[in-house]
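# Structure at a glance
The chain contents come next:
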Amino acid sequence: MMKSILSCDRDLKEAAVIEKRRQAEELRKQRFFNEKNRILGIDSDGLNKQLLEKEQKLEAEREEARIAAEEMRRNLDLAAQREREFRTQKKQSEIEINEFRKNCQQTRDGVDFDLNDPDGQKKAYPGRLDDNDPRLSISGGQQFIGEDLMNENRIREQKNLQKQWLDQQIAERKQLESNQKEAEKKMSDSLCKHDAHAVFLGHRMHDDKRGLQRQIREYNESLALQKRENDKKRKEMEQQDNQAEIYNFLSSDLLKENQPKGSNLGPNRCIPYMYKGMNSEQIEKHKLEQERQLNDLKQRRMDDQHHKEEWDKLTDEMHRQMYLKERALSRDIRQINCKIREENEQLAKEQIYQKEHYDRVVNTNPPSEEYFDQFNTTSR
């Protein structure tokens, strides 16, 4: 966006310089082609003034180029800073995700950790704690018929223990679902932010490109219109001058063979409409002046050509920079989309794995009605 604004400012300044140069040329034509104020010879004061104006113009152009370079450097620094901030934010988000996985998704927090606990044997109770141990079985040879004096207490404790286990499993299941929903919400928010940023970058690139193209088209149209008007005026003036010259030449005393007379302004002055020619010295001076003017005209044309080539190079460089920026931005968007797709695929694989693990390991033996019916069926 800053580059498009800078280009627009440069175009406006360049158009102002061209307009100023055209006005100066019109004023100079008025001085040269005015018969009342025109004098013979070279206008040294005017030439000196032109040289001074040219030096001032070059100095102003150098100052504008320096300001434009500083502005471009500031824009590049700002873009680099924005890129660093984006990378820092992305790195911080990855660190937070890893911390969440480390603190809230460990193996010991799983519902089936007690089945896979490597220290399960160490934590297990011995075969018999005392005579009232409810874990004693009939085939264990440690308790026989007639010794079960705490049957009711044992049954009540078994029910309480079973209820505690069920409550604990329900709480763990709710906690696991809550943690999973929170992780999914954080991941969804992160993906939404990435998508919004990518869409914003795409819209901004499209708007900048369309604005620059519109400005270039309007500037070219204004230049074409101005050129057509100038060509039309020049052709009309040339046609009028040619008709006036033909008429004056046909009606002059030169073709009528009238003898020229001396001018009242001095012995060395002549009447223009009765003048029939110059002597050899005047012809030689006239030729030298024509050669000098021709050389000046060639030099001005070379300068204009050089200025046009510099402007074309600057335009090509600006187009190339814009194309490179567009390619870099497209490449960054593709990389972001690839990373998001990879993260989505990884999350999908993890979810599929968790579901398969839950169906294959956790939910393989759900309690049935027969399991609950086996209790309170005997006195043992």
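Criteria and cut-off values
- Residues numbered from 1 in each chain as written.
- Predicted model: local features only at pLDDT ≥ 70, side-chain atom pairs only at ≥ 80, totals over all residues.
- Heavy atoms only, no water.
- Helix = DSSP H or I, 4+ residues; strand = E, 2+ residues; numbered from the N terminus.
- Buried < 20%, exposed > 50% of the residue type's maximum accessible area, 1.4 Å probe, protein only.
- Contact = heavy atoms within 4.5 Å.
- Areas by Shrake-Rupley, 256 points an atom, 1.4 Å probe, with all protein chains shown as cover.
- Salt bridge = Lys/Arg side-chain N within 4 Å of Asp/Glu carboxyl O.
- Patch = residues over 30% accessible without salt bridge, like charges linked within 9 Å, V, L, I, M, F, W, Y side chains within 5 Å.
- Lys, Arg positive; Asp, Glu negative; His and termini not counted.
- Charge placed at Lys NZ, Arg CZ, Asp CG, Glu CD.

Time to look at the overall build of the protein. On a plain count of helices and strands, the protein comes out with eight helices and zero strands. Element order for the protein, N to C, with α for helix and β for strand: α-α-α-α-α-α-α-α. Here the protein holds 380 residues, and 11% of them are scored as buried. The long-range fraction of contacts in the protein, counting pairs at least 24 apart against all pairs at least 6 apart in sequence, stands at 64%. By element, 53% of the accessible surface of the protein is carried by carbon and sulfur atoms, the whole surface being about 32,500 Å².

For the structure shown, the criterion picks out 14 salt bridges. Across the pair Asp303 and Lys54 runs a salt bridge, and its minimum N-O distance is 4.0 Å. Highlighted residues: Asp303 in helix H7 (residues 280-362) and Lys54 in helix H2 (residues 44-104), separated in sequence by 249 residues. A relative accessible area of 33% means that Asp303 is categorised as partly exposed. With its nearest N and O atoms 2.7 Å apart, the salt bridge here joins Glu317 to Arg320. You can see Glu317 and its partner Arg320 sitting in helix H7, three residues apart, about one turn around the helix. Through salt bridges with shared partners, a single network forms among Glu63, Arg66 and Glu70.

Turning our attention to the environment of Ser222. As for its position among the elements, Ser222 is in helix H5 (residues 151-250). A sequence separation of 207 residues divides Ser222 from Ala15, and the C-alpha atoms of the two residues are 9.9 Å apart.

Let's shift gears to a negative patch on the surface. Taken together, the side chains of Glu94, Glu342, Glu343 and Glu345 present a region of like negative charge at the surface. The leading source of residues in the negative patch is H7, at three residues.

So far we have only geometry, and geometry alone does not tell us how the molecule works.
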